[in-house]
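Residue-level listing of the chains:
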Amino acid sequence: MSKKYGDKTVVDQLSFSVSSGEVFGLLGRNGAGKTTTIKMMLGLVTPDEGSVMWRRENGLKGASFGYLPEERGLYPKAKVADQLSYFARLEGMNKQTIKKSVDYWLDRFEIAMYRNKMAGDLSKGNQQKVQLAATLIHNPDLIILDEPFSGLDPVNTNLLTDVILEEKQKGKVIIMSSHQMEQVEKFCKEVVIMKDGHALLTGDLDEIKNSYGLMYLSLYGDIDRIISFCHVHGYGFEQEEKRIIIPLKKEEEPLTVLSHLRNEEISITEVTYLQPTLHQIFVEKVGS
């Protein structure tokens, strides 16, 4: 798909597919073209080139979808249960099914005690859970989540993680856009990383990591002497609390580094050989 606004190309020949029962990561910095891509998928914006296919058919006809936008989409002066019921009616659900679904999602997101509260009176985290309930209320086939963990504390992050995994197990198609790379790594088998409207990297996340060209040696031990060693031998490094992480080119054996450390009698208490994280790849590819 491609989309221009005037002379500016905001999405440039972007192409990807998502299978049922998978979570796909749509990643990029602000302004990379993610939101325009989502709007084209939902039919809110018409692509200048290309098309969206759902089960080999053009467009999302015949598919039900739930979209969680990054910005809040709730009515602040409406009661939580009332507006969930309203959103469900918009999806064509009958009264009996609506009540059952509203009760289920209020319980599932642990916000049943707020059902008669005005949405605007809730905390940001609880508003996010109401909005997530509105996204899932009608049991959609396609779920698009834009920054779903925004405003959630660690306990509610774990709760949403469980919900996403449950929807994945049901065979839903899930597309997630997030700046929280550690969350994306938990869920996504495939990703696309966008910059300036085009895909820098796309495909299987494990294959992207394996082909990245850098591995990392994680060392615990005599931190001061390890840092001095890196300076003397010209190794770059990152310090994270009580460990040192040294990036290595694939042709540079970690055993060589460890041998040098041993020869210099530098105390090492723990060694781990790491793949690059998605966060490291993201910063390397789209940072400037």
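The shown structure was predicted, so the numbers you read here are calculated from the model rather than taken from an experiment. (Residues numbered from 1 in each chain as written. Predicted model: local features only at pLDDT ≥ 70, side-chain atom pairs only at ≥ 80, totals over all residues. Heavy atoms only, no water.)

J.: When you look at empty space enclosed by the protein in this model, what are you seeing that I'm missing?
T.: Where empty space is left can be seen by rolling a probe of water-molecule size over the atoms. This structure, assessed with the given rule, holds one cavity of 30 Å³ or more. Every residue lining the largest cavity is listed: Leu132, Leu136, Ile143, Leu145, Leu160, Val163, Ile164, Glu167 and Ile174. Of all the secondary-structure elements, those providing two or more residues to the lining of the largest cavity are helix 4 (124–136), strand 7 (142–146) and helix 5 (154–169). For the lining of the largest cavity, the leading source of residues is helix 5, giving four residues. Among the residues forming the lining of the largest cavity, the class breakdown is eight nonpolar, no polar and one charged. (1 Å grid on protein atoms, 1.4 Å probe; cavity = no way out; pocket = protein on both sides within 12 Å on 5 of 7 lines; lining within 4 Å. Points joined across faces, edges and corners; volume = space filled by probe spheres on them. Helix = DSSP H or I, 4+ residues; strand = E, 2+ residues; numbered from the N terminus. Nonpolar A, V, L, I, M, F, W, Y, C, P; charged D, E, K, R; others polar.)

J.: Hey, could you run me through the packing of aromatic side chains in this one?
T.: Any aromatic ring pair is given by two values, namely how distant the centres are and how the planes are angled relative to each other. Overall, the coordinates contain eight aromatic pairs when judged by the stated rule. With a centroid separation of 4.9 Å and 80 degrees between ring planes, the pair formed by Tyr104 and Trp105 is classed as edge-to-face. Plain terms: the ring middles of Phe149 and Phe187 are 6.1 Å apart, the flat faces sit at 15 degrees to each other, and that makes the pair stacked. With Phe149 in the loop between strand 7 and helix 5 and Phe187 in helix 6 (residues 181–187), this pair connects stretches of sequence that are 38 residues apart. (Phe/Tyr/Trp six-rings, centres within 6.5 Å; stacked < 30°, edge-to-face > 60°.)

J.: How do you make sense of the nonpolar core when you look at a structure like this?
T.: Note that soluble globular proteins tend to have their nonpolar side chains buried in a common cluster. One finds Leu27, Leu84, Phe109, Leu160, Ile164 and Ile193 to be the most contacted residues of the largest nonpolar core, which totals 50 residues. For Leu84, the contacting residues outside a window of four places in its chain are Val102, Leu106, Val130, Ala133, Ala134 and Ile137. Grouped together as the second largest cluster of nonpolar side chains are 21 residues, Val10, Val11, Phe24 and Val173 included. (Core = buried A, V, L, I, M, F, W, Y, C linked by side-chain atoms within 4.5 Å. Buried < 20%, exposed > 50% of the residue type's maximum accessible area, 1.4 Å probe, protein only. Contact = heavy atoms within 4.5 Å.)

J.: What's the story with the sheet that holds strand 10 (residues 198–204) in this structure? I'm lost.
T.: Strand pairing in a sheet takes place through backbone hydrogen bonds and is either antiparallel or parallel in direction. Spatial strand order, 6-7-8-3-9-10: six strands in an open sheet with mixed pairing. Since the sheet does not close on itself, it has two edges, and those belong to strand 6 (65–68) and strand 10, each with one partner. Within this sheet the neighbouring strands show an average axis-to-axis angle of 15 degrees, counted without direction. The pairing of strand 3 (residues 22–28) with strand 8 (residues 173–177) spans four bridges and is parallel. Its bridge partner being in strand 8, Glu22 is matched across the sheet by Val173. Of the strands in this sheet, strand 3, strand 9 (188–195) and strand 10 touch helix 10 (residues 278–286), which is tilted by about 20 degrees from strand 9. (Pairing = 2+ DSSP bridges. Axes fitted to C-alpha atoms, helices over the stretch in contact; angles between N-to-C directions.)

J.: Sorry if this is basic, but what is going on with the pairing of strand 7 here?
T.: On a regular strand, each side chain points to the face opposite its neighbour's, so the side chains alternate between the two faces of the sheet. Counting buried residues in strand 7 gives five out of five residues, a clear majority hidden from the surface. Side chains Leu142, Ile144 and Asp146 of strand 7 all project onto a buried face; the interleaved residues Ile143 and Leu145 project onto the opposite face, where all are buried too. Both strand 6 and strand 7 contribute to a ladder of four bridges, which runs parallel. From the neighbouring strand, Tyr67 faces strand 7, where its bridge partner is Ile144. Pairing of strand 7 with strand 8 involves five bridges; the strand directions are parallel. Within strand 8, the residue paired with Leu142 across the bridge is Val173. Remark: the strand 7/helix 5/strand 8 crossover connection has right-handed handedness. (Right-handed = clockwise from strand over helix to strand, strands pointing away.)

J.: How should I be thinking about the environment of Gln128 in this particular structure?
T.: Tracing the sequence through the fold places Gln128 in helix 4. Taking the C-alpha atoms as reference points, Gln128 and Gly73, 55 residues apart in sequence, are found 9.6 Å from one another. Within the structure, the side chain of Gln128 is placed 2.9 Å from the backbone oxygen of Pro148, a separation counted as a polar contact. (Polar contact = N/O pair within 3.5 Å; in protein donor to acceptor, adjacent residues only side chain to side chain.)

J.: Looking at this structure, I do not really get helix 5. What am I missing?
T.: The periodicity of an α-helix, 3.6 residues per turn, causes residues three or four positions apart to be oriented the same way. Relative to the 22 Å expected for 16 residues at 1.5 Å per residue, helix 5 spans 23 Å between its end C-alpha atoms, a close match to the ideal helical length. In this structure, the buried side of helix 5 is in contact with strand 3, helix 3 (95–108), helix 4, strand 7, strand 8 and helix 6. Following helix 5 by one or two positions, Gly171 adopts a phi angle in the positive range, close to 90 degrees. (Expected span 1.5 Å × (residues − 1).)

J.: Help me understand the sheet that holds strand 14 (residues 268–274), please; the structure alone is not making it clear to me.
T.: Sheet architecture is open: four strands sit in the order 12-13-11-14, paired in antiparallel fashion. The open sheet has two edge strands, strand 12 (238–240) and strand 14, and neither has a second partner. When the angles between neighbouring strand axes are averaged without regard to direction, this sheet yields 25 degrees. Relative to strand 13 (residues 243–249), strand 12 is paired through three bridges, and the arrangement is antiparallel.

J.: Help me understand the pattern of salt bridges in this model?
T.: With the rule as written, the count across this model stands at nine salt bridges. Taking the shortest distance from any N to any O, the salt bridge between Asp103 and Lys99 comes out at 2.9 Å. Taken together, the residues span about one helical turn, with Asp103 and Lys99 both in helix 3 at a distance of four residues. Take Lys99: its relative accessible area is 56%, and that puts it in the exposed class. (Salt bridge = Lys/Arg side-chain N within 4 Å of Asp/Glu carboxyl O.)

J.: Mind showing me how you'd approach the packing of helix 3 against helix 5 here?
T.: If you want to describe how two helices pack, look at the angle between their axes and the distance between the axes. Here helix 3 crosses helix 5 at 135 degrees, and the two axes come no closer than 11 Å. Of the possible angle classes, the one that applies to helix 3 and helix 5 is oblique. Only Leu159, Asp162, Val163, Glu166 and Glu167 of helix 5 make contact with helix 3, whose side of the interface consists of Tyr104, Trp105 and Arg108. Tallied by class, residues from the contact of helix 3 with helix 5 come to four nonpolar, no polar and four charged. (Parallel < 35°, antiparallel > 145°, perpendicular 65-115°, else oblique.)

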